[in-house]
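Close look at the chain arrangement
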Amino acid sequence: MAARVTDAVKVYGRGDTTVRALDGVSVGFPAGRFTAIMGPSGSGKSTLMHCAAGLDTLTSGTARIGDTDLGDLDDRRLTLLRRDRVGFVFQAFNLVPTLTVAENITLPLDLAGRGGDPEWIDALVDVVGLRDRLRHRPAELSGGQQQRVAVARAFAGRPEVVFADEPTGNLDSRSGQEVLGLLGRAVRDMRRTVVMVTHDPVAAAHADEVVFLADGRLVDRMASPTADKVLDRLKAFEVRSP
Ligand SMILES: Nc1ncnc2c1ncn2[C@@H]1O[C@H](COP(=O)(O)OP(=O)(O)OP(=O)(O)O)[C@@H](O)[C@H]1O
C-alpha cells in the first residue's frame, strides 16, 4: 500500500460542538493505482485525505505512508515527509505567480535542495503538454494549463503518492477532462499512485476504484467505475439520508 489509514477517527471541536468527521475508517490506497474518494458533502472526504497525507492528524487510529506511521513523526519530520514523499494537487492551483512554469514545476525539488531527475522532468513536461509554455508565468496561462503545471509539480519528485483534492473543481469540463486524463496516464503509463477527492461522478470514473464515505464511515467500494454506476450509488445515499 502506498498509503493507508486504520481505525481512523477525527473529532473536531469540543463539548457540544464536536463533529466526528471520521468515525473508524480503515482503507488502503494501493501503489500504482488511481483511487477516488466520494461521498455526500460533509461525509469526511477532505478530512480523510488530509489525515492520510499528513496535512492533519488523527484523533485516534493510524495513518501510514508506505511503512511510516505518521503518528510517530514530529512536526519537522512530517514536513519533510510531505515534501519528499508526497505530492499535492488542490482545487486552487497554488502556483507562485512570480515564477515561470519551469520554475514552478521544480519548486519543491529546489526547496528540498534536490536537483531531481532531468529526464523525468523533461518527460513530465511533454506529458502535461507545456513544452511551449515553460518560460511563461501562471497569469499568462488558462486555468486548465495552470492545473497541468500543478500536476507536473506534484509528480516532479516522483513521490510515493499524489493526493488531489477536487483537482477539477475550478475548471470547465474540457480542461477538467484533460487534467483527469493526465492523472490517469501518470498512473497507467508512469506507474504513479493517485488518491483523489471528488464530487463529480465523471471525474471518479477515471479512477481504478472508488471508495465511498458517508457520515465519516467507509460504506462501499467500487472497482472499474463508470459515471453512471457512481451516480446510481450516490443517489442511493440521498434516498436514505433524511
Ligand atoms: N476544521 C474543522 N473544524 C470543525 N469541523 C470541521 C473542520 N473541518 C471539517 N469539519 C467538519 O467535519 C465534517 C467532514 O468535513 P469534510 O470537509 O471532511 O467533508 P467533505 O466530505 O470533504 O465535504 P465537502 O464535500 O462538502 O467538501 C463536516 O461536518 C465538517 O463540517
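Residues numbered from 1 in each chain as written. Predicted model: local features only at pLDDT ≥ 70, side-chain atom pairs only at ≥ 80, totals over all residues.

Scored by pLDDT, the protein comes out at a mean of 94, with 98% of its residues at no less than 70. What the predictor reports for the complex is a pTM of 0.94 with an ipTM of 0.96. (pLDDT = per-residue confidence, 0-100.)

This paragraph deals with unusual backbone geometry. Peptide bonds are trans in most cases, and residues, glycine excluded, mostly fall at negative phi. Positive phi, normally seen in glycine, also occurs at R191, with a value near 55 degrees. With respect to the secondary-structure elements, R191 resides in the loop between helix 6 (173–188) and strand 8 (194–197). At D215, a position not held by glycine, the phi torsion is positive, near 50 degrees. (Helix = DSSP H or I, 4+ residues; strand = E, 2+ residues; numbered from the N terminus.)

To continue, consider the site of the ligand. The local shell around the ligand holds 13 residues, among which Y12, A21, S41, S46 and T47 are the closest. Those elements giving two or more residues to the shell around the ligand turn out to be strand 2 (19–29) and helix 1 (45–52). Top element by residues in the shell around the ligand is helix 1. It accounts for 3 residues. For the shell around the ligand, the residue count by class is 3 nonpolar, 9 polar and 1 charged. (Near = placed C-beta within 6 Å. Nonpolar A, V, L, I, M, F, W, Y, C, P; charged D, E, K, R; others polar.)

The interhelical angle for the contact between helix 5 (residues 143–155) and helix 6, taken along N-to-C directions, is 15 degrees, at an axis separation of 9 Å. The angle between helix 5 and helix 6 places the two elements in the roughly parallel class. Crossing of helix 5 against helix 6: the hand is right-handed. Taking contact as the criterion, the partners of G143, G144, Q147, R148, V151 and F155 in helix 5 are, on helix 6, S175, E178, V179, L182, L183 and A186. Residue classes in the contact of helix 5 with helix 6 are distributed as 6 nonpolar, 4 polar and 2 charged. (Axes fitted to C-alpha atoms, helices over the stretch in contact; angles between N-to-C directions. Parallel < 35°, antiparallel > 145°, perpendicular 65-115°, else oblique. Left-handed = near helix turned anticlockwise from the far one by under 90°. Contact = placed C-beta atoms within 7 Å.)

Among the nonpolar cores identified, the biggest contains 65 residues, and I37, V151, A152, L183 and V195 are the most heavily contacted of them. Ignoring any residue separated from it by four or fewer positions in sequence, one finds V195 in contact with A3, F29, T35, I37, M49, A52, V161 and F163. (Core = buried A, V, L, I, M, F, W, Y, C linked by C-beta atoms within 7 Å. Buried ≥ 20, exposed ≤ 12 C-beta atoms within 10 Å, placed from the backbone.)

Before going further, it helps to examine the pairing of strand 6 (residues 86–89). Because side chains alternate across strand 6, one face comprises the buried residues V86 and F88, and the other comprises G87 and V89, equally buried. Pairing between strand 6 and strand 7 (residues 161–165): 4 bridges, direction parallel. Across the sheet, residue G87 finds its bridge partner in strand 7, namely V162. (Pairing = 2+ DSSP bridges.)

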